[in-house]
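So you can see what is in the structure, the chains are spelled out below.
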Amino acid sequence: MRVIYFDTETTGLEFIDDQIIELAMLIVEDGKIIEEYDKFINIGRDLPPKIIDITGITDEMLILEGVSEKSVADDLKSRLTPSTLMIAHNCQFDLSFIYFLLKRHYPDEAEGIVGNLDWIDTVTVLKDRKEFPHKLIDAVEYYDIEEVNFHRAIDDTKALYDVTQAMVVERPDLKEYINIFGYNPKWGVSGPRFPFIEYKRQYFNKRMVGPDDILPKK
């Protein structure tokens, strides 16, 4: 089985107008990490000062170390093979940015690429298991995982990998969450609703819900 744990850093929150500036992936096959992918993207424009403050990524880093967005689109196309399981924390966000990146360079293929994959959102899983808050840094604390340099995509991806392994040990029902994203009914779904994802209202829990009450079965 092929699994890709991934994370993005972006210029903002607008899926169409903003861009990915760092993409990280841990690619796992048969339980072994076979590739650690981490690329800066030179977007050809200055970063908002707020993004520099949050991520520590600078314009100079993107100019000196960054590759073209087309190069990353090519990398994604070659790696996102059908039936690969994609895992991210707040997956709707990262999926949306990856989709629009692919759409800019492969407009006729983008839907097929992302639609032929499976997706797990660890925020959705976490909401069924732990009380608020549910950021990745909170998951790291809940599962007693060594802290990393948050807001850098590669470090977040490594933390995500460890969190997911801890979730499997805690209760092995992650497959129940494939292609099901929970959302807060107060705010609705952020970004496009993808036809291959089932969106379900999800409320906060004070404790781990029982196996018959996890979000996919409600």
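For the structure, check the block above.
Residues numbered from 1 in each chain as written. Predicted model: local features only at pLDDT ≥ 70, side-chain atom pairs only at ≥ 80, totals over all residues. Heavy atoms only, no water.

1. Some remarks on the overall build of the protein chain
- Check the secondary structure of the protein chain and you find 8 helices and 7 strands.
- With the C-alpha coordinates of the protein chain rotated into their principal frame, the extents come out at 50 × 40 × 35 Å.
- When burial is assessed residue by residue, the protein chain has 52% of its 218 residues classed as buried.
- Within the protein chain, residue pairs in contact and separated by at least 24 positions form 67% of the contacts whose partners lie at least 6 positions apart.
- On the protein chain, roughly 10800 Å² of surface is accessible, and the fraction owed to carbon and sulfur atoms is 51%.
- Counting 26 positive and 41 negative side-chain charges, the protein chain places the centres of these two groups 6 Å from one another. (Helix = DSSP H or I, 4+ residues; strand = E, 2+ residues; numbered from the N terminus. Buried < 20%, exposed > 50% of the residue type's maximum accessible area, 1.4 Å probe, protein only. Contact = heavy atoms within 4.5 Å. Areas by Shrake-Rupley, 256 points an atom, 1.4 Å probe, with all protein chains shown as cover. Lys, Arg positive; Asp, Glu negative; His and termini not counted. Charge placed at Lys NZ, Arg CZ, Asp CG, Glu CD.)

2. Digging into the layout of surface pockets
- One number sums up the size of the largest pocket: a volume of about 1500 Å³.
- Forming the walls of the largest pocket are 40 residues, and the residues nearest its centre are L13, H89, N90, F93 and K135.
- Secondary-structure elements contributing two or more residues to the lining of the largest pocket are strand 1 (2-10), helix 1 (49-55), helix 4 (91-105), helix 6 (122-127), helix 7 (136-142), helix 8 (153-170) and strand 6 (180-183).
- Among the elements that make up the lining of the largest pocket, the one with the highest residue count is strand 1 (5 residues).
- Residue composition of the lining of the largest pocket, by class: 19 nonpolar, 13 polar and 8 charged.
- Taken as a whole, the second largest pocket encloses approximately 360 Å³ of empty space.
- What lines the second largest pocket is a set of 18 residues, and nearest its centre among them are M1, V3, Y5, L85 and V168.
- Where the lining of the second largest pocket is concerned, the elements lending two or more residues are strand 1, strand 4 (85-88) and helix 8. (1 Å grid on protein atoms, 1.4 Å probe; cavity = no way out; pocket = protein on both sides within 12 Å on 5 of 7 lines; lining within 4 Å. Points joined across faces, edges and corners; volume = space filled by probe spheres on them. Nonpolar A, V, L, I, M, F, W, Y, C, P; charged D, E, K, R; others polar.)

3. Examining unusual backbone geometry
- In this chain, F132 is followed by P133 through a cis amide linkage whose omega measures 5°.
- Topologically, P133 is positioned in the loop between helix 6 and helix 7.
- Here the phi dihedral of D30 falls at roughly 55°; this positive angle occurs in a residue that is not glycine.
- Examined against the element boundaries, D30 turns out to sit in the loop between strand 2 (20-29) and strand 3 (32-40).

4. Description of the sheet that holds strand 4
- If you walk across this open sheet you meet the 5 strands as 3-2-1-4-5, and the pairing is mixed. Every interior strand has two partners, whereas the edge strands, strand 3 and strand 5 (118-121), have only one. When strand polarity is set aside, the average angle formed by the axes of neighbouring strands in this sheet is 20°.
- Across 3 bridges, the pairing between strand 1 and strand 4 is parallel. Bridge pairing in strand 4 places V3 opposite L85.
- The sheet strands contacting helix 4 are strand 1, strand 2, strand 4 and strand 5, and the helix crosses strand 1 at an angle near 85°.
- The sheet strands contacting helix 8 are strand 1, strand 2, strand 3 and strand 4, and the helix crosses strand 1 at an angle near 140°. (Pairing = 2+ DSSP bridges. Axes fitted to C-alpha atoms, helices over the stretch in contact; angles between N-to-C directions.)

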